[in-house]
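Descriptive structure summary
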Protein chains: 2
Amino acid sequence: MEPATRKERLCVLSAYLTANPNQLYPLSYFSELFGAAKSTLSEDISIMRSAFSRRGIGEIEVMMGASGGVRFLPAMPAEEMRRALEEIAQKLESPARILPGGFLYTADIFLSPVYVEKMARVLWNFFKNTSPDFIITVETKGIPLAMNVARFFGKPVVVARKESKLTEGSVVTINYLSGSSKRMQTMSLSKRAVREGQKALVIDDFLAGGGTVRAICEMMKEFGIIVVGCGVAIATREPEVKRIKHYKSLMVLEQIEEEQQKLRISVNLA
Amino acid sequence: MEPATRKERLCVLSAYLTANPNQLYPLSYFSELFGAAKSTLSEDISIMRSAFSRRGIGEIEVMMGASGGVRFLPAMPAEEMRRALEEIAQKLESPARILPGGFLYTADIFLSPVYVEKMARVLWNFFKNTSPDFIITVETKGIPLAMNVARFFGKPVVVARKESKLTEGSVVTINYLSGSSKRMQTMSLSKRAVREGQKALVIDDFLAGGGTVRAICEMMKEFGIIVVGCGVAIATREPEVKRIKHYKSLMVLEQIEEEQQKLRISVNLA
């Protein structure tokens, strides 16, 4: 293949780097791919860097030296975060989502790649300086959100399960009180999934009483793992006192009343 | 902001379009974003299109007219597919993954954003002409793969659950025989999640007897939905006769023997 032109390289470099956030590519990788000198690539990268930074797409980091390379760190301008969350909050605020028992139907939102990507980008932006080794969530509804946050960090997800399976190998199990229903619940984590001394970021879709997130944190303590943060998409206003103190929620379910078919969700960018 | 230069536009356009596969962007969207004429953007797009096509990144489709626009369809060269699947198969082939009972530990692979993205890209490539309205899977381990496939189609995921929850609203439940364990199982799907006449693509992580995938197909029939394809990451060689006839698997678990700690996985690109 004949060597690429600058314009071609800019298109391909942009596609590669943004597709794999936080992955370090050695310059030699692109140098071979394009048949271009590293100095030429450095110029490409500085054009790309200023384009991305000017449009709020993200940062391009260049690390020098033998083990160096280039990587992409996504960004999200404050205005875009607000717009994304307001759009999702509005979609969630439909009274048709009120289920018997005063529950909120959210499954479609947490299974929409577009909305999940936006919520994950905001969470990444909030937690990007925490350097977790993995993202932990509990099955089922938080998994897509956790996967998308993990993609931005370039790290894997670990899923705690509500019932342990043969296909998980040996597990550690804890019992806990679910905050809202006050029922005894079980949570298991495969011993293979984590190592002592690692750092975990907890991500979940919904936080009411906080019992589940607290149980994850306690389980992490069992494994000798440091929790560097907790982020959820939606937290309820009530109860005001949660079983966990420090967490970030993107939206707050202020009110949900089945009888009156009333529902209010606010955006929480503070 | 002053108007963007061609190089800047190429970087930003590449990042936007590849981040949202199968999403149609009106040209006017970029025209406003960059303060550039549509004719100028058309030239940008044709440079980008030839760069992407030459490097096997994907196709750029341009639709003319008032409701027209531009969208990105990912591609994956055959050689890259083989390399990706061989890397994953090799990672899976470690005897340390053999669990008591002859099960295979795969949780880490299906929770790694990088590996899941690669498997999803191959599945998208295989099913891209099926035009599903949604991707369906069953909880839990297939969810990340299904979400990534869904992202390439620009469509949502629907998850059938093994136990129904209050937060799903009213559900349809079917009982079925799990192919491998011959145990009676239950599968539920929220009535809100799908509509009669839609088209579904079934995606799952693992297929042994085929009972679960068959149950999804039967459930789709209950809802009046057409199944346009079934794709799984790994299928077992045995039993040779599955409870479902037509499916695509990326890899085949040829052999797994707990006693002898033997394990063989082949790549299936045919």
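Residues numbered from 1 in each chain as written. Chains lettered and ligands numbered in written order. Predicted model: local features only at pLDDT ≥ 70, side-chain atom pairs only at ≥ 80, totals over all residues. Heavy atoms only, no water.

1. Some details on the overall build of chain A
Along the backbone of chain A there are eight helices and 12 strands. By principal-axis analysis of the C-alpha atoms, chain A measures approximately 65 × 45 × 30 Å. Out of the 270 residues in chain A, the part that is buried amounts to 55%. Across chain A, every contact between residues at least 6 apart in sequence was considered, and the portion connecting residues at least 24 apart equals 60%. On chain A, roughly 11800 Å² of surface is accessible, and the fraction owed to carbon and sulfur atoms is 49%. Measuring between centres, the 36 positive side-chain charges of chain A sit 3 Å from its 29 negative side-chain charges. (Helix = DSSP H or I, 4+ residues; strand = E, 2+ residues; numbered from the N terminus. Buried < 20%, exposed > 50% of the residue type's maximum accessible area, 1.4 Å probe, protein only. Contact = heavy atoms within 4.5 Å. Areas by Shrake-Rupley, 256 points an atom, 1.4 Å probe, with all protein chains shown as cover. Lys, Arg positive; Asp, Glu negative; His and termini not counted. Charge placed at Lys NZ, Arg CZ, Asp CG, Glu CD.)

2. Describing the relation of the copies chain A and chain B
Overlay of chain A on chain B (RMSD 0.0 Å): rotation 180°, translation along the axis 0.0 Å. Overall, the copies show the geometry of a two-fold rotation axis. Residue by residue, 100% of the interface of chain A is reproduced at the interface of chain B, so both copies engage with the same surface. (Least-squares fit on C-alpha atoms with pLDDT ≥ 70 in both.)

3. As for the pairing of strand β12 (residues 262-267) of chain A
Regular strands place side chains that alternate from one sheet face to the opposite one. Residues and elements named next belong to chain A. Pairing between strand β11 (residues 248-257) and β12: six bridges, direction antiparallel. Of the residues in β12, the one forming a bridge with Leu 253 is Ile 265. Between β11 and β12, which pair antiparallel one after the other, the connecting turn spans four residues, and Gln 261 there sits at a positive phi close to 50°. (Pairing = 2+ DSSP bridges.)

4. Concerning the pattern of salt bridges
All names here are of chain B. Under the criterion given, the structure shown has 29 salt bridges over all chains. A salt bridge links Arg 9 to Asp 44, with the nearest nitrogen and oxygen atoms 2.5 Å apart. Of this pair, Arg 9 sits in helix α1 (residues 6-19) while Asp 44 sits in helix α3 (residues 38-54); the two residues are 35 residues apart in sequence, bridging distant segments of the chain. The pair formed by Arg 9 and Asp 44 is uniform in burial state, with each residue classed as buried. (Salt bridge = Lys/Arg side-chain N within 4 Å of Asp/Glu carboxyl O.)

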